[in-house]
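Fold and geometry: a report
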Amino acid sequence: MREIKYQDIVDTVARLCVEANCIIGEDIVEAFRKALQIEESPTGREILKQLIENTEIAKKEMIPACQDTGTAVVFVELGSGVRITDGELFDAINKGVAKGYTEGYLRKSIVADPLRRKNTGDNTPAVIHVEIVSGDRLKITVAPKGGGSENMSEVKMLTPAHGWEGIKNFVVDRVLRSKANPCPPILVGVGIGGNFEKVAYLAKKALLREIGSVHPDPFYAEKEKELLEEINKTGIGPQGFGGRITALAVFIETYPCHIASMPVAVNINCHAARHKTAVL
Amino acid sequence: MKRITTPLTDEIVKDLKAGDSVLISGIIYTGRDLAHKRLVDAINNNQPLPVDLKGQIIYYVGPAPAKPGYPIGPAGPTTSERMDPYTPTLLAYGMKGMIGKGNRSPEVIEALKKYIGVYFAAVGGAAALIAKRIKKAEVVAYDDLGPEAIMRLEVEDFPVVVVNDCYGNDLYEEGMKQYRRL
């Protein structure tokens, strides 16, 4: 067994929370630059320029790119050969989130109860997803997720007869109904298959991919391209002011499913698609 | 690009059209859900408002904490539709403008025409850039609401786009139609 110290996990998670919020991925900035070449709307181009400048200011001054620094969503790949000393994994992650959000001047956006709505004051608890993998490493990805775009997400239990057309219509319709609310240009995570709870996880996980990466299965690579083209025909455009660029990317994740089912989930991400990873 | 200074008059509002890019300078006030509820309750009960909103602009924002040495933390717009139920009352009172993001209700769009008001959108997610245009920030009312307290912001060239003007135009509808290819 390889030992990893509790405190190292705390410090790593804290650092990832701050970096994810302040340093927007180079793939996103590059996608803004490419969009600027394609966008026909003058207002749309102005928005894209502001978004590029915004990422530069945020990175230079280490301040969050968006004031909604999100729910701290944490993806963990825990090697079966890892033993954590001095404490528990989930405690360490939450302690790291509290440290990162407090010391990093990030906004605390979590209420302890969905109806009584008292703020927890340190952005905990995180939403944590753990997969056990082989090996003796611990991989942690922090992906803060804003409320505006999360509210525009949806799961639908389609059946096999709906086919690809059914999926496509649902995804495009979900984007159309969202209009300006999720802060376009958006990224669209699509989960297909699994079951009710699995498909939402797939859609969220899909959003961790880099823009420009191609789906390993050519069949789905083609489907991603088709969905992106359809979404960019809606005319919603940057910030919903009208334009060519409504989405920067569509990512699909799939899983085997029941003979009677074809669940689909759409998880919309604003242009501030934030995720940072570390391996211990 | 148009430049305007607060407070707003009917003449200034009438000159703004959906789709115009505008730079705002002067004083604007922040307000979100709870502050709106209190303001409207005060108006309905004929009580004085803690800040005079006549001719003023309310910005829908919940900033991140300010780093030492900064007047305010990153401060991009929040979704406006949550304030729709309160907005017609405030426009009737004399408020002239709002800054947020996303669509407004038919009642708000109607009230903008009736009382000569304007709804601007700031760029959602451009919070670090927007904060640079805020020179001073201080809580002026409802400080018990914490991050939802009303703040007085001194802004310089604060970048917005006119979404709903006082003529009933809606940039979201018109812009989308113009570029739609479905």
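Preceding this paragraph is the structure being described.
Throughout, a residue's number is its position along its own chain's written sequence, starting from 1. Whichever chain is written first becomes A and whichever ligand is written first becomes 1, with later ones labelled in order. Given that the model is predicted, a residue must reach a pLDDT of at least 70 before its local features are reported, and side-chain atom pairs must reach 80 or more before they are shown or counted; all residues, however, enter totals for whole chains, interfaces and linings.

Here we look at the interface of chain A and chain B
Worth spelling out the cut-off: Whether two residues are in contact is decided by their C-beta atoms, placed from the backbone, lying within 7 Å. For the purposes of this entry, the term helix denotes a DSSP run of H or I that reaches at least four residues, the term strand denotes a run of E that reaches at least two, and both are numbered from the N terminus. Side-chain classes are defined by residue name, with Ala, Val, Leu, Ile, Met, Phe, Trp, Tyr, Cys and Pro counting as nonpolar, Asp, Glu, Lys and Arg as charged, and the others, Gly among them, as polar.
Counting residues at the interface gives 38 residues for chain A and 37 residues for chain B. Here the element with the most residues in the side of chain A that touches chain B is helix α3 (residues 42–61) of chain A; it accounts for 9 residues. When grouped by side-chain class, the residues that make up the side of chain A that touches chain B number 16 nonpolar, 16 polar and 6 charged.

Regarding the sheet that holds strand β5 (residues 138–145) of chain A
Residues and elements named next belong to chain A. Worth spelling out the cut-off: Here a strand pair is declared whenever DSSP counts at least two bridges between the two strands. To obtain an axis, a line is fitted to C-alpha atoms, over the contacting stretch when the element is a helix, and the angle between two such axes runs from 0 to 180 degrees between their N-to-C directions.
If you walk across this open sheet you meet the 4 strands as β4-β2-β5-β10, and the pairing is mixed. Edge positions in the sheet fall to β4 (127–133) and β10 (276–279), since each has one partner strand and no second. Between one strand and the next, the sheet's axes are offset by a mean angle of 15°, whatever the strand orientation. Contacts between helix α1 (residues 6–22) and the sheet are confined to β2 (71–79), β5 and β10, with β5 contributing the most and set at about 40° to the helix.

Regarding the environment of Asp113 of chain A
Residue and element names in this part refer to chain A. We count it as follows: Working definition of burial: number of other C-beta atoms within 10 Å of the residue's own, with buried at 20 or more, exposed at 12 or fewer, and partly exposed in between, all C-beta atoms being placed from the backbone.
Turning to its location among the elements, Asp113 is positioned in the loop between α4 (89–103) and β4. Residue classification places Asp113 among the exposed residues on the basis of 8 C-beta atoms within 10 Å. Considering only alpha carbons, one finds Asp113 and Ser41, 72 residues apart in sequence, at a separation of 43 Å.

A short note on helix α6 (residues 171–179) of chain B
All names here are of chain B. Note the threshold: Arc, as used here, means the arc of the directions from the helix axis to the C-beta atoms.
Here α6 has its buried residues at Leu171, Tyr172, Gly175, Met176 and Tyr179. Seen end-on, α6 carries its buried residues on one side only, within an arc spanning 115°. Lining the buried residues of α6 we find β7 (150–164).

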